[in-house]
Amino acid sequence: MANVNRKITIQAPAERIWAILEDPKLQSELNPDLRLLTNTPSTVGGFDNTWEYNMYGMMFHGSTSIKVFDQPQHMVYETTGGIPSTWDWQLSEQADGTVVVVRLNYGLPGLFGTIFLRPVVELQNQNTVERELRNLKRMSEVK
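Please read these numbers as outputs of a predicted model, since none were measured by experiment. Numbers given to residues run from 1 along each chain, matching the order in which its sequence is written. In view of the model being predicted, local features appear only for residues whose pLDDT reaches at least 70, and side-chain atom pairs are presented and counted only at 80 or more, with totals across whole chains, interfaces and linings using the full set of residues. Water and hydrogen atoms play no part in the side-chain values, which are based on all heavy atoms of the structure.

Novice: So what's going on with a nonpolar patch on the surface? Which residues, and what values?
Specialist: Think of a patch as exposed residues, more than 30% relative accessible area, with no salt bridge, where like charges cluster within 9 Å and nonpolar side chains (Val, Leu, Ile, Met, Phe, Trp, Tyr) cluster within 5 Å. With residues, only the protein chains shown are counted as cover, and all accessible areas are computed by Shrake-Rupley using a 1.4 Å probe. We define a salt bridge as a side-chain nitrogen of Lys or Arg found within 4 Å of a carboxyl oxygen belonging to Asp or Glu. Taken together, the side chains of Tyr-56, Leu-117 and Val-120 make up a nonpolar region of the molecular surface, amounting to roughly 250 Å² of accessible area. Position of Val-120 among the secondary structure elements: in helix H3 (residues 118–140). Only runs of H or I of at least four residues qualify as helices and only runs of E of at least two qualify as strands under DSSP, and these elements are numbered from the N terminus.

See the structure below:
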C-alpha cells in the first residue's frame, strides 16, 4: 500500500470542522471527484456509504465504513471496492487554531499499480488530499 500524510491548521473550532467531515451532503464539495450514492448511519457514529470516484476519467465504485468515530478528535474510515483505502483524520485544538492531520493509506488498483503509472497515481492522490484539506479550510473558516 502507498500513503499520503498531510497536516493543516484551520482557524475554526474542531466541532465545526468535524461537522463538515461527517456530513454526507458536503463530501462532493470537499472532493469534487467523489459522489456519494447512498449513506446509512454507522453503528459507531457518522455514516457508512457507497460511492463513485472519478480518477483520470475512469469511474470506480465502492463502499466506505466508519471504523473509529471519536468526535471531534479522531475518525477512521475504510473504503473497499474499486480503490481500497484507509483514511485516518485527527483534529487537535491548539492556541492558533485546530490542527488537522490526515493519513491516507491506499491500494493501487489494476493498471494503476504498474511501475509506469504508480508515480502518476501517487502524485494525483497527494494533490487530492491537499485539495481536500484546502476545501476543508475554506469551508470551515467561513465567518
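Novice: Explain the packing of helix H1 (residues 14–22) against H3 to me, using residue names and the numbers behind them.
Specialist: Relative to each other, H1 and H3 sit at 125 degrees, their axes nearing to 10 Å. The angle between the axes of H1 and H3 places the two elements in the oblique class. The element H1 and its partner H3 pack so that their crossing is right-handed. Every residue of H3 that contacts H1 at Arg-16, Ile-17, Ile-20 and Leu-21 is listed here: Leu-136, Met-139 and Ser-140. Any residue that is not Ala, Val, Leu, Ile, Met, Phe, Trp, Tyr, Cys, Pro, Asp, Glu, Lys or Arg is counted as polar, Gly included; the first ten are nonpolar and the last four charged. For the contact of H1 with H3, a count of residues per class yields five nonpolar, one polar and one charged. Lines fitted to the C-alpha atoms define the axes, with helices restricted to the stretch that makes contact. Angles between their N-to-C directions range from 0 to 180 degrees. Angular relationships are summarised with four words: roughly parallel below 35 degrees, roughly antiparallel beyond 145, roughly perpendicular across 65 to 115, and oblique for the angles in between. Left-handed describes a crossing whose near helix is turned anticlockwise from the far helix by less than a right angle; the clockwise case is right-handed. Should any heavy atoms of two residues lie within 4.5 Å, those residues are counted as being in contact.

Novice: A description of empty space enclosed by the protein should follow, citing residues and the corresponding values.
Specialist: Each cavity reported here is a set of points on a 1 Å grid over the protein atoms alone in which a 1.4 Å probe fits but cannot get out, each pocket an open set with protein on both sides within 12 Å along at least five of seven lines, and each lining residue one with an atom within 4 Å of a point. Grid points are joined across faces, edges and corners, and a volume is the space filled by probe spheres set on the points. Counted by the stated rule, this structure contains one cavity of 30 Å³ or more. Reported here for the largest cavity is a volume of approximately 490 Å³. Broken down by secondary-structure element, the contributors of at least two residues to the lining of the largest cavity are H1, strand E2 (34–41), strand E3 (47–55), strand E4 (58–70), strand E5 (74–81), strand E6 (85–94), strand E7 (97–106) and H3. Among the elements that make up the lining of the largest cavity, the one with the highest residue count is E3 (five residues). Split by residue class, the lining of the largest cavity holds 17 nonpolar, nine polar and three charged.

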